[in-house]
Structures are given as C-alpha cells and as structure tokens.
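An overview of the molecular structure
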Amino acid sequence: MTRVLIIAAGSYKRWNNHRGTPRHLAVVEKEVLIKRTAEQFLKHTDQVCIVAPDSSYEIPGAKLYVVKTSNTFWQDAAKFLSSKALWNPDGRTVIVFGDVWFTPDAVKKIMGNKDPFKWFLRKDGSKITG
C-alpha cells in the first residue's frame, strides 16, 4: 500500500503570510490548495497524511500529523525529516509539497510510478516565482 505524506511544515518565510494566510491554505481557483491536494491523492490511496504545524490543516479523510520543525541544523530538510516516523516500512511512501497545484495527470503519474526512488520536479524555475 502506498502512503502519501503531504508536507506543509515549512517555515513560511518565502510566503511571508501573504494576505494573512499560510500558503498551503491559500485559495486557488476557489479551492483551498492543501484540501485539493489531499482529495486528489485520496482517490488513489486511503493512506494520506498531512504533516503540518497545527489543526487548521485538518482535511476529512486524511490523517493529520502535527509537528514543529524548529531544528535549525537541518534547515529546509527539517520539514522532510520531521515526517520520517510516518514513512511506510511495509510499502511505498510518496512525499509531496502541500503548496503545489497538482494536475490530475501529475497525480496519476506520481501514483502510477513504482520505482523505488524517484523525483518528480520542474526542470526550470517558475515563470511566476522564478
């Protein structure tokens, strides 16, 4: 069984609480970004967990794992390492960012890939954010 971890436990420094909301909770095309992401992956597995700083990230059908990523030694890697206890020892673990707009085709491709280790990344910077 594949377990999906949606990482939303970063420091939020780049977003700077724009419009008074964390970037994972931003509304994009009338949908809360992290809710949309969770619902998309829940179509493929019932093991979806959101790694986040507080209960405002709770999404029906997904488990919430509240974590504080104050480890300055690991810097940005702390948000990933904070989820290590959730990595699936008996199957596959997919880790995705909670502030990314995934197309249905992207989710299908991610969930359909069975390689033991695989990165899905954008080749170049975003035209909007650099």
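My aim in this report is to walk through the structure given alongside it, one point at a time. Please read all numbers here as calculations on a predicted model, not as lab measurements. (Residues numbered from 1 in each chain as written. Predicted model: local features only at pLDDT ≥ 70, side-chain atom pairs only at ≥ 80, totals over all residues. Heavy atoms only, no water.)

This part takes up the side chain of arginine 92. As for its position among the elements, arginine 92 is in strand S6 (residues 92–97). Buried and unpaired, arginine 92 has no salt bridge, with aspartate 115 as the nearest side chain of opposite charge at 8.3 Å. At a separation of 3.5 Å, a polar atom in the side chain of arginine 92 contacts the main-chain carbonyl oxygen of methionine 111. A polar contact of 2.7 Å, which involves the side chain of arginine 92, links it to the backbone oxygen of asparagine 113. Ignoring sequence-local partners within four residues, the contact set of arginine 92 consists of Met1, Thr2, Arg3, Ile110, Met111, Asn113, Lys114 and Asp115. (Helix = DSSP H or I, 4+ residues; strand = E, 2+ residues; numbered from the N terminus. Buried < 20%, exposed > 50% of the residue type's maximum accessible area, 1.4 Å probe, protein only. Lys, Arg positive; Asp, Glu negative; His and termini not counted. Salt bridge = Lys/Arg side-chain N within 4 Å of Asp/Glu carboxyl O. Polar contact = N/O pair within 3.5 Å; in protein donor to acceptor, adjacent residues only side chain to side chain. Contact = heavy atoms within 4.5 Å.)

In the contact formed by helix H1 (residues 33–42) and helix H3 (residues 104–112), the axes pass within 10 Å of each other and the chain directions differ by 50°. By the angle class used here, H1 and H3 are oblique. Like other packed secondary-structure pairs, H1 and H3 cross with a definite hand, here right-handed. Where H1 approaches H3, its residues Arg36, Gln40 and Phe41 are matched on the opposing element by Pro104, Val107, Ile110 and Met111. (Axes fitted to C-alpha atoms, helices over the stretch in contact; angles between N-to-C directions. Parallel < 35°, antiparallel > 145°, perpendicular 65-115°, else oblique. Left-handed = near helix turned anticlockwise from the far one by under 90°.)

Attention now moves to unusual backbone geometry. Notably, glutamate 29 is not glycine yet its phi reads approximately 50°, a positive angle. With respect to the helices and strands, the residue glutamate 29 is situated in the loop between strand S2 (27–28) and strand S3 (31–32). For glutamate 29, a relative accessible area of 64% corresponds to the exposed category. Positive phi is not limited to glycine here, since lysine 30 has a value of about 70°.

Here the focus is the pairing of strand S1 (residues 2–7). Among the six residues that make up S1, five are buried, leaving the element largely enclosed by the rest of the structure. Where S1 meets S6, six bridges bridge the pair, whose relative direction is parallel. Bridge pairing in S6 places valine 4 opposite valine 94. Pairing of S1 with strand S4 (residues 48–52) involves four bridges; the strand directions are parallel. Looking at the pairing, isoleucine 6 lines up with isoleucine 50 of S4. (Pairing = 2+ DSSP bridges.)

Keep in mind that these numbers describe shape and distance, not what the molecule does.
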